[in-house]
Amino acid sequence: MGLRFYNTLSRSIEPFTPAVPGRVSMYTCGPTIWNYAHIGNFRTFLFEDLLRRWLEARGLRVFHVMNLTDVDDRIIKEAGARGLPIREFTEPFARAFFEDRDFLRIRPAHAYPRATDFIAEMIRLVEGLLAKGVAYQGDDRSVYFAIQRFPAYGQLSQLDRRSLKAGASGRVSTDEYDKENAQDFVLWKAARPEDEAVAAAWDAPFGRGRPGWHLECSAMALALLAREGLGEVLDIHAGGVDLIFPHHEDEIAQSCAFTGASHFARVWLHGEFLNVRGTKMSKRFGNITTPRDLKADGVDAGALRLLMFQTHYRQKLDLTDEALAAAREGSRRLGEFDGRLRRATRRTAGTPNAWAEWAGRVAGDVSEALDDDLNAPRAIATLFDAVRDGNRLLDQGLPPGDGEVAEWVRALEVLDVLPSGGGGTTVSHGAGAAAEGAPSDTPPTEPEASENWARAWAAARLTAKGRRDFKEADRIRDLLKAAGWSVRDNKDGTVEVRRV
RNA sequence: GGCGCCGUAGCCAAGUGGUAAGGCAGAGGUCUGCAAAACCUCCAUCACCGGUUCGACUCCGGUCGGCGCCUCCA
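Only a predicted model underlies this, so the values are computations on that prediction, with no experimental measurement involved. Once a new chain begins, its residue numbering starts again from 1 and follows that chain's sequence as written. As a convention, the first chain written is A and the first ligand written is 1, with the rest following in written order. Only residues with pLDDT of at least 70 are given local features in this predicted model, and only at 80 or more are side-chain atom pairs given and counted; all residues enter the totals for whole chains, interfaces and linings. Side-chain descriptors were evaluated using all non-hydrogen atoms of the structure, hydrogens and water having been removed beforehand.

Student: Any chance you could break down the sheet that holds strand 15 (residues 485-489) for me, citing the residues and the numbers?
Tutor: Strand pairing in a sheet relies on backbone hydrogen bonds, with the paired strands running either antiparallel or parallel. When DSSP finds two or more bridges between two strands, those strands count as paired. Where helices and strands are cited, they refer to DSSP runs of H or I of at least four residues and of E of at least two residues respectively, numbered from the N terminus. On the basis of which strands lie adjacent, the open sheet formed by three strands has the order 14-16-15 and antiparallel pairing. The two strands at the open ends of the sheet, each matched to only one other strand, are strand 14 (425-427) and strand 15. Each strand axis lies, on average, 25 degrees off the axis of its neighbour in the sheet, ignoring direction. With five bridges connecting them, strand 15 and strand 16 (residues 495-499) associate as antiparallel partners. The partner of W485 across the bridge, within strand 16, is R499. Throughout, an axis means a line fitted to C-alpha atoms (over the contacting stretch in the case of helices), and angles, computed between N-to-C directions, take values from 0 to 180 degrees.

Below, the structure is given as structure tokens:
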């Protein structure tokens with residue numbers, strides 16, 4: 001059936017065809033670097049990572065841009081409180097964002113433009129809008145976009161079908177405005193002393209000030225599209241559902257009014273929220289958890305990715321310890337099978353037919369699931385089916401060929417949900433561990449020494465088992481367990497120890 | 001008040017107009033010195049009430065419950 005996505009613009013699933021064959025331009029709204037991004041934010045970034053990976057797996061060359069918002073009210077306020085220029089204030093959070101991104105194995109975008117690096121482009125955009133008469137300067141010197149002069153306004157959020165209740169969100173007071181129409185949005189905010197204090201003001205023909213929130217995405221997307229020779233319409237624009245209105249609606253208005261094109265992006269994808277006990281994770285609700293918090297708690301990125309992808313991106317997902325534990329266990333099982341499969345691979349042709357069928361099913365089902373609006377939960381179900389069937393074949397002693405294993409690897413690479421590193425080490429007979437005599441009962445603290453220690457005990461267990469001294473063997477297992485190592489006797493007579 | 005989403009087993013979660021994927025947990029079993037791992041078996045009638053239909057969990061209407069957006073929140 002081919003690749004298809006749910007397009008917020010049409011509220012329906014549509015076949016996806018990039019404007020330039022073989023290439024995809026994709027812009028995703030990134031974080032406002034005023035603080036550490038929480039995993040709610042990262043749920044969206046993870047969904048976008050999956051999108052990116054699948055497009056690439058489908059053979060498309062993706063140009064992915066993610067902006068970093070480094071000037072906004074919160075940043076100015078926080079920077080002011082610390083007496084720092086905004087650039088200096090945001091820098092550590094930008095770095096932290098990249099660290100968290102890497103921890104979660106999110107593939108780096110091709111560009112991470114920062115708003116303050118594109119002031120000139122934004123000014124040009126505002127000038128263009130003023131020239132076209134769709135923008136005007138208010139009495140406060142700020143520049144606003146006049147939505148009544150842009151008839152298509154509201155198509156994304158279906159504004160024509162709703163009546164806005166001014167200030168209903170309670171997040172902004174309605175009387176702060178100096179606009180012709182309450183729904184007009186600001187393109188350029190006239191500079192205030194607080195802005196000057198933190199170097200958040202720039203000169204412009206229409207007055208000194210700083211960009212409004214929406215402006216950066218339009219300016220940077222258009223600038224980077226032009227640089228890549230990809231026209232002035234994005235193939236895909238993605239973000240969280242909360243950005244549909246007003247952010248993306250306003251981006252469309254200012255971009256299309258400027259370019260004259262009918263679209264700013266042909267496909268709009270929006271990811272649902274990550275909830276905590278039913279309500280969205282948000283700084284203002286005080287219920288946030290950051291990737292670094294989870295990392296500190298020993299949560300693995302593979303488990304986290306599995307958890308996120310086991311729920312469709314357009315469904316709300318509640319984060320709980322139980323769900324996290326379940327994902328950890330699932331990730332472990334996938335990793336266990338992956339290791340077993342790779343060890344059993346043989347490099348020969350003419351593999352048993354059962355494996356060929358197995359591989360075909362993995363590739364076909366995963367592909368069909370992800371093609372269908374990124375149905376990762378279904379793709380993961382396929383993976384688990386493959387684990388069960390594959391283990392059964394391996395139990396029968398049938399080895400897979402590399403071609404079949406490659407199909408499994410390809411499917412896994414898109415989701416990337418295996419546990420990271422920390423595999424066990426296997427000790428076989430005559431490991432020479434006894435060379436230095438019996439290891440001490442207490443483990444060394446350094447990781448490497450601790451591993452040697454565990455290996456030594458594993459060898460000792462092997463020896464004890466060899467003389468059928470099961471009491472001693474059990475004692476060793478308990479001792480290792482107490483030190484945080486799991487023990488497993490393999491069928492081939494080896495002992496495997498693994499950090500828990 | 002407006003717009004929209006959701007309500008599937010103990011927990012998480014796909015899905016289809018024809019009688020419910022997958023994961024975790026749990027129970028029993030095979031294997032094992034014992035474990036572990038792996039495999040096998042078992043574990044739902046899809047919030048409620050109407051309607052349409054030969055047939056609905058899937059379509060329509062309503063009720064109840066949860067959630068989101070409504071000007072700078074992924």
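Student: With reference to specific residues and values, describe the pairing of strand 2 (residues 12-15).
Tutor: Bridge count between strand 1 (residues 4-7) and strand 2: four bridges; the pairing is antiparallel. The partner of N7 across the bridge, within strand 2, is S12.

Student: Lay out the nonpolar core with the relevant residues and their values.
Tutor: Counting 134 residues, the largest nonpolar core has F5, L55, F145, I236, W358 and W408 as its most contacted members. An automatic or database domain assignment supplies the residue ranges for each domain. Structurally, this core is a two-domain feature, drawing no fewer than three residues from each of domain 1 (4-291) and domain 2 (299-415). Only buried residues count toward a nonpolar core. Its members are Ala, Val, Leu, Ile, Met, Phe, Trp, Tyr and Cys residues joined through side-chain atoms within 4.5 Å. Partly exposed residues are those whose accessible area sits between 20% and 50% of the maximum for their type, while under 20% is buried and over 50% is exposed, using a 1.4 Å probe and protein chains only. Counting 13 residues, the second-largest nonpolar core is a separate cluster that includes V427, A454, L479 and V497.

Student: Break down the environment of F118 for me, with residues and values.
Tutor: Its place among the elements puts F118 in the loop between helix 3 (86-103) and helix 4 (119-131). With a relative accessible area of 14%, F118 lands in the buried category. For the pair F118 and E216, spaced 98 residues apart in the sequence, the C-alpha separation amounts to 7.4 Å. Excluding its chain neighbours within four sequence positions, the residues that come into contact with F118 are P113, M220 and A223. Contacts between residues were defined by any pair of non-hydrogen atoms, one from each residue, lying within 4.5 Å.

Student: Which residues make up the packing of helix 12 (residues 376-395) against helix 13 (residues 402-415), and what are the values?
Tutor: Contact geometry for helix 12 and helix 13: axes closest at 11 Å, N-to-C directions at 145 degrees. Crossing of helix 12 over helix 13 shows left-handed handedness. Together, A376, A379, I380, L383, A386 and V387 of helix 12 and W408, A411, L412 and L415 of helix 13 make up the contact between the two elements. Gly is put with the polar residues, along with every residue not named as nonpolar or charged; the nonpolar set is Ala, Val, Leu, Ile, Met, Phe, Trp, Tyr, Cys and Pro, and the charged set is Asp, Glu, Lys and Arg. Grouping the amino acids of the contact of helix 12 with helix 13 by side-chain chemistry returns ten nonpolar, no polar and no charged. Here is the rule for handedness: rotate from the far helix to the near one, and if that takes an anticlockwise turn smaller than a right angle the crossing is left-handed, while a clockwise turn gives right-handed.

Student: Got a sec to walk through the sheet that holds strand 9 (residues 234-240)? Specific residues and values, please.
Tutor: If you trace the four strands from one edge of the open sheet to the other, you get 4-3-9-10, paired in parallel fashion. Whereas interior strands pair on both sides, the edge strands pair on one side only; in this sheet they are strand 4 (61-66) and strand 10 (265-271). On average, each strand axis in the sheet is tilted by 20 degrees relative to the strand beside it, whichever way the strands run. Across six bridges, the pairing between strand 3 (residues 23-28) and strand 4 is parallel. If you follow V24 over to strand 4, its bridge partner there is V62. Of the strands in this sheet, strand 3, strand 4, strand 9 and strand 10 are in contact with helix 1 (residues 39-57), which crosses strand 9 at around 155 degrees.

Student: How would you summarise helix 6 (residues 213-228) if you had to cite specific residues and measurements?
Tutor: If you check helix 6, its first and last C-alpha atoms are 24 Å apart, about what 16 residues at 1.5 Å a residue would give, namely 22 Å. G229 sits one or two positions beyond helix 6 and adopts a positive phi of about 70 degrees. Any helix carries an expected span of 1.5 Å times its number of residues minus one.

Student: Outline the confidence of the model for chain A, supporting the account with residue identities and numerical values.
Tutor: In the predicted model, chain A carries a mean pLDDT of 91, and the fraction of residues at 70 or more is 93%. The weakest mean pLDDT in chain A belongs to strand 14 at 82; the strongest belongs to strand 4 at 98. Every residue in residues 170-176 is under pLDDT 50, and counting partners more than four places away or in other chains gives five contacts. Values of pLDDT, which run from 0 to 100, indicate the predictor's confidence residue by residue.

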